[in-house]
Structure formats: structure tokens, C-alpha cells
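Structural overview
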Amino acid sequence: MAAQAGGDQKPFHIVSPILESLPLSKAAGTKVFMKLDNVQPAGSFKIRGIGHRCQEEPGDVGGVKPCLTPVSTGGNAGLAAAYAAKKLGVPITVVIPSTSGPIPKLKLEELGAKVEVYGKVLDDANSRAQELVKTEGWINIHPFDDPLVWQGHTSLVQELKDSLETKPDAIVLAVGGGGLLAGVVAGLHQVGWQDVPIIAAETQGAHSFHEALEASQLITLPEITSVARSLGAKTVAARALECAKECQVISQVVEDREAVGAVEQFLDDERMLVEPACGATLAVLYTGRLQRLQREGRLQTPLASVVVVVCGGSNIDMHQLRALKSQLGME
């Protein structure tokens, strides 16, 4: 069963469209379905888990909930929490690192959130949020390392089960801190699809999950060097590593240039602008990695269909896309 909101509350996320993509299917050599979570309220899949977490928060104080203080490296978690707080009518402070850039800060403020910029990466912002929890007595909503967040993300898989005629032969998704991965694995077990392989995409320089898989233990990257800031967790949740023992999880690391190139190609193909974190998943399809995994025997041949989770596009505009291309020497 998909995650439901607490009590009789309606979930904050929508049932997002799932559409076949002819350009992606041509590139991947198999039928590709897009799960379009970029059209969710606040612009990403994050509203599934964080919305659920906010609705399930048990602590009311005088009938009004304390401030929710989430941490976000790329802004998506903060935007989801700010949207949820606005719906709930409670105040919220969002702590983001300086590398998040101006777009998330502006969008957070438009949703009525108080924004504090602290440090350079998620880990810095998380430390500040924990400090605020202790000194102010606020509730902390972690962007990815929380069982209630994972539970909320399971709804994505239930929607796939309800929409597709048959189960896919693989699901392609991005891994930052591992919250989406944890939710999808739980969801696959719930619907009896635990044999569906998951292709977990990251960019080089934000590949903490790949490093953890290689070492069979959590690894902390010294710094985040990728332009895909939404994947910028130096250490993934411990649950992400456990997921690889419960389902077939295939790690794929793409270069920043490939991710940004995929963003531009996807804009041409599907008329949707997504951020580089999502570009990492699309690059797996555009660059022939799916076929390579088949040749290596890591995926079955032929594949009847795959699902790609189009995870979000909140934190990019055309100006930023051009800047990223210039930064990476692509223009």
C-alpha cells in the first residue's frame, strides 16, 4: 500500500504523469517510460517524503506545530518542506549551504520560508540545523535520512504499479543522499516487484553512494566537486547501503558534461528543463550505458521497458544552463 497522509489529510503530492518517451526509447534501445515528478508541487519528488513527514509530525504545541527546520543542499528538500509548512499554516526556517545558489533561496522566500545560508555543503547546513533544534526547540526535517521520508517516497512505486500494464525491467533514478532509493526499494517490496533492478545514477564528484558500494561501508567524500548540487551529500544514509543488499542496485557514475548535455538534449526532446541531478539519470539512457550493462550481462536482454524517474527541475533556468555549459567548456 502506498504511503498515506496522517489521519484524514490529503497528501501534498500529486499522482504524477507517466509517459512514454520516443526519443529516450530510441536512445536506450527499449521502451522508456518517464515518471514525471518534476511536475510535483515545489518541483520535485521530495514533496512525497517530506510532505508525508510533515503531516505525520506528532508534536503540537498549544495547537500550533513548532517551526520545521529542514536542511537542503540543492533546495528541493527545502522547497518541499516550505510548501508543506505553507499548507499546514506553520512557520518554517530552511538552512541551505551557499552552493545552493540564488534560485532556491528566492523560491523559498516566495513560499514564506525564512532562509538561513550556512556553510558550503549539506553537512555544514545540517550541523547548523541541529544546533537550531537544540537551542530553539524546533523540529528538524532531514532531507533524506528519515524513515517517514522513505515511507512517503514509496507512493511513487505504487503509482507505477497502478499505471503500467506490466512491471518494468529496470528503474533508473538519481541518488544523492539515498532517500529516494530507500523509498523505491521499500515500495518495490510492497508491490511484489523486488526483482526489478534499480540503476542508481550519480555524477563524478558527488558519487558518495558509488564509493560506499565499492567499499561495502559508508564513505565520506572530502568535498562535493560536481555541478549537480542536488546530489551533494558527502555521505549517503546508511539505509541506502542496506538497500543494495535487498534489491539489485547497479551504480552508474556519469561526468558533469554528460549530465548537463543530457539536460539540454531532454529540453530539446521533451520540452522540459530539469536540473543536472536529473540529467545524471537521463545520461544513463542518452550515452548508451543501458546497452553496455546488457552487454556485460548485468541487465537482461532484451529489455521490454524501463522507467526513468524525472526527479526535478526547481533549481535551474536557461541562464544557469548556459552558465553551466560555459563552466564545463561546452560552448
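Higher on the page you've got the structure.
Residues numbered from 1 in each chain as written. Predicted model: local features only at pLDDT ≥ 70, side-chain atom pairs only at ≥ 80, totals over all residues. Heavy atoms only, no water.

All right, on to the sheet that holds strand E7 (residues 171-174) then. Read from one edge of the open sheet, six strands run E1-E2-E10-E7-E8-E9, paired in mixed fashion. Where the open sheet ends on each side, the last strands, each with one partner, are strand E1 (18-20) and strand E9 (249-254). The mean angle between the axes of side-by-side strands here comes to 25°, regardless of whether they run parallel or antiparallel. As judged from the six bridges shared by strand E2 (residues 31-36) and strand E10 (residues 305-310), these two strands associate in the parallel manner. What sits directly across from Val-32, in E10, is Val-306. Across the sheet, helix H7 (residues 155-163) touches E1, E2, E7 and E10, and the angle it forms with E2 is around 130°. (Pairing = 2+ DSSP bridges. Helix = DSSP H or I, 4+ residues; strand = E, 2+ residues; numbered from the N terminus. Axes fitted to C-alpha atoms, helices over the stretch in contact; angles between N-to-C directions. Contact = heavy atoms within 4.5 Å.)

A word on the nonpolar core. Formed by 77 residues in total, the largest nonpolar core has its most connected members in Ile-171, Leu-173, Leu-181, Leu-188 and Val-308. In terms of nonpolar packing, the next biggest core, distinct from the first, is built from 22 residues, Ala-81, Ala-85, Ala-113 and Val-115 among them. (Core = buried A, V, L, I, M, F, W, Y, C linked by side-chain atoms within 4.5 Å. Buried < 20%, exposed > 50% of the residue type's maximum accessible area, 1.4 Å probe, protein only.)

Turning to the packing of aromatic side chains, a few remarks are in order. With the rule as written, the count across this model stands at one aromatic pair. Here Phe-12 and Tyr-83 contribute two aromatic rings whose centre-to-centre distance is 6.5 Å and whose plane-to-plane angle is 85°, an arrangement assigned as edge-to-face. Highlighted residues: Phe-12 in the segment before E1 and Tyr-83 in helix H3 (residues 76-88), separated in sequence by 71 residues. (Phe/Tyr/Trp six-rings, centres within 6.5 Å; stacked < 30°, edge-to-face > 60°.)

Along strand E4 (residues 93-96), one buried face is formed by Thr-93 and Val-95 and the opposite face, lined by Val-94 and Ile-96, is buried too. Across four bridges, E4 lies against strand E5 (residues 114-117) in parallel orientation. Paired with Val-95 across the bridge in E5 is Glu-116.

Helix H10 (residues 238-246) packs onto helix H9 (residues 208-215) with a crossing angle of 55° between their chain directions and a minimal axis gap of 10 Å. By the angle between their axes, H9 is oblique relative to H10. Judged by the twist between their axes, the crossing of H9 over H10 is right-handed. Residues Phe-209, Ala-212 and Leu-213 of H9 form the contact with H10, whose participating residues are Ala-240, Leu-241 and Ala-244. (Parallel < 35°, antiparallel > 145°, perpendicular 65-115°, else oblique. Left-handed = near helix turned anticlockwise from the far one by under 90°.)

The next thing to look at is the environment of Lys-161. Inspection of the secondary structure assignment puts Lys-161 in helix H7. Each C-alpha atom, one on Lys-161 and one on Gly-192, is 9.7 Å from the other, the two residues being 31 residues apart in sequence. Non-local contacts of Lys-161, meaning those with residues more than four positions away in its chain, are made with Val-191 and Trp-193.

Turning our eyes to something else, we now look at the packing of H7 against helix H8 (residues 179-191). Packed helices, taken two at a time, are described by the angle between their axes plus the distance between the axes. Taken N-terminus to C-terminus, the directions of H7 and H8 make an angle of 45°; their axes are 7 Å apart at the nearest point. On the basis of the axis angle, H7 is oblique to H8. For the pair H7 and H8, the sense of crossing is right-handed. Listed contacts from H8 to Leu-156, Val-157, Gln-158 and Lys-161 of H7 are Leu-180, Val-184, Gly-187, Leu-188 and Val-191. Per-class residue counts for the contact of H7 with H8 are six nonpolar, two polar and one charged. (Nonpolar A, V, L, I, M, F, W, Y, C, P; charged D, E, K, R; others polar.)

It is worth spelling out the pattern of salt bridges at this point. Across all of its chains, the model carries 14 salt bridges by this definition. Two residues, Arg-48 and Glu-159, come together in a salt bridge whose shortest N-O distance is 2.8 Å. Here the residue Arg-48 occupies a position in helix H2 (residues 46-56), and Glu-159 occupies one in helix H7, the gap between them amounting to 111 residues. With its nearest N and O atoms 2.8 Å apart, the salt bridge here joins Arg-128 to Glu-131. In this pair, Arg-128 and Glu-131 both sit in helix H5 (residues 122-136), three residues apart, roughly one turn of the helix. Arg-128 sits in the buried class, given a relative accessible area of 17%. Judged by its relative accessible area of 39%, Glu-131 falls in the partly exposed class. Each of Lys-35, Asp-37, Arg-48 and Glu-159 takes part in a single network of salt bridges with overlapping partners. (Salt bridge = Lys/Arg side-chain N within 4 Å of Asp/Glu carboxyl O.)

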